Amino acid sequence: MIKKNDVVSISYILKNAKGEELGRAEVKEPLNYLHGAGNIVPGLESAITGLAVGDKKEVTILPENGYGEVDPALMLKIARTNFPADIDIQPNMQFSSDMGGQERIFTVDRIEGTDVCVNGNHPLAGETLNFSVEILAVREATQEELAHGHVHDGSGHHH
Ligand code: ZN
């Protein structure tokens, strides 16, 4: 029974409300995460609580339990002169900005004349998420993983 502080390995297919695939983790390259640490969206975490290895589940998650609603306040129009002159600003470029002590990633939507339109919402904000998930493995977290709040599986970045 999966509970807080377990390290869980899952495979999944994620689709939006229209049935378009948004992402997946294959059995041979599963997602490993620390359960109860907010590593995955809240709706998926609560759906997985209590499951066991071998269980499969279809989960529909509304935006409020997923990546949140689209926040218009995070869609900004910024004068080009606020960006470094030596950088060629193009759509889909990303940069981070400190907002109220929280680092947030903004993506350039488009250039409008002398303005740059950027979006600080998560790319999946506002989406209803349909997960088809399978539990592949569960183990206890190490003390170091608990202290860090994430899994140390030798892959991905570390901080
Ligand atoms: Zn760590």
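The structure under discussion appears in the preceding block.
Residues numbered from 1 in each chain as written. Predicted model: local features only at pLDDT ≥ 70, side-chain atom pairs only at ≥ 80, totals over all residues. Heavy atoms only, no water.

S.K.: Is there a simple way to think about the overall build of the protein in this case?
M.R.: The helix and strand inventory of the protein stands at two helices and nine strands. For the protein, the sequential pattern of α-helices and β-strands runs β-β-β-α-β-β-β-β-β-β-α. Across its three principal directions, the C-alpha atoms of the protein cover 55 × 40 × 30 Å. When the 159 residues of the protein are sorted by exposure, 31% land in the buried category. Taking all contacts inside the protein whose residues are at least 6 apart in sequence as the whole, residues at least 24 apart take part in 61%. Surface accessibility of the protein: about 9,800 Å² in total, with carbon and sulfur atoms responsible for 50%. Of the side-chain charges in the protein, 13 are positive and 24 negative, and the distance between the mean point of each set is 4 Å. (Helix = DSSP H or I, 4+ residues; strand = E, 2+ residues; numbered from the N terminus. Buried < 20%, exposed > 50% of the residue type's maximum accessible area, 1.4 Å probe, protein only. Contact = heavy atoms within 4.5 Å. Areas by Shrake-Rupley, 256 points an atom, 1.4 Å probe, with all protein chains shown as cover. Lys, Arg positive; Asp, Glu negative; His and termini not counted. Charge placed at Lys NZ, Arg CZ, Asp CG, Glu CD.)

S.K.: Looking at this model, I keep getting lost on the environment of Glu-145. Mind explaining?
M.R.: Assignment of secondary structure puts Glu-145 in helix 2 (residues 143-148). Glu-145 sits in the buried class, given a relative accessible area of 1%. A C-alpha to C-alpha distance of 32 Å links Glu-145 and Met-93, two positions 52 residues apart in sequence. With residues near it in sequence (within four places) discarded, Glu-145 still touches Val-7, Leu-34, Arg-139, His-150, Val-151 and His-152. A polar contact is formed between the side chain of Glu-145 and the side chain of Arg-139, at a distance of 3.0 Å. For Glu-145, the side chain forms a polar contact with the main-chain nitrogen of His-152, separated by 2.9 Å. (Polar contact = N/O pair within 3.5 Å; in protein donor to acceptor, adjacent residues only side chain to side chain.)

S.K.: Is there a simple way to explain the packing of aromatic side chains in this structure?
M.R.: To describe a pair of aromatic rings, one takes the distance between the centres and the angle between the planes. One pass over the structure, following the stated rule, counts three aromatic pairs. For the ring pair Tyr-12 and Phe-131, a centre distance of 5.5 Å and an interplane angle of 70° mean the geometry is edge-to-face. Of this pair, Tyr-12 sits in strand 1 (residues 6-15) while Phe-131 sits in strand 9 (residues 129-140), and the two are 119 residues apart along the sequence. Pair check on accessibility: Tyr-12 and Phe-131 agree, each one buried. In textbook terms, an aromatic cluster arises when at least three aromatic residues are bridged by ring pairs, as seen for Phe-83, Phe-95 and Phe-106. (Phe/Tyr/Trp six-rings, centres within 6.5 Å; stacked < 30°, edge-to-face > 60°.)

Interpretation note: all reported values are geometric properties and have no functional meaning in isolation.
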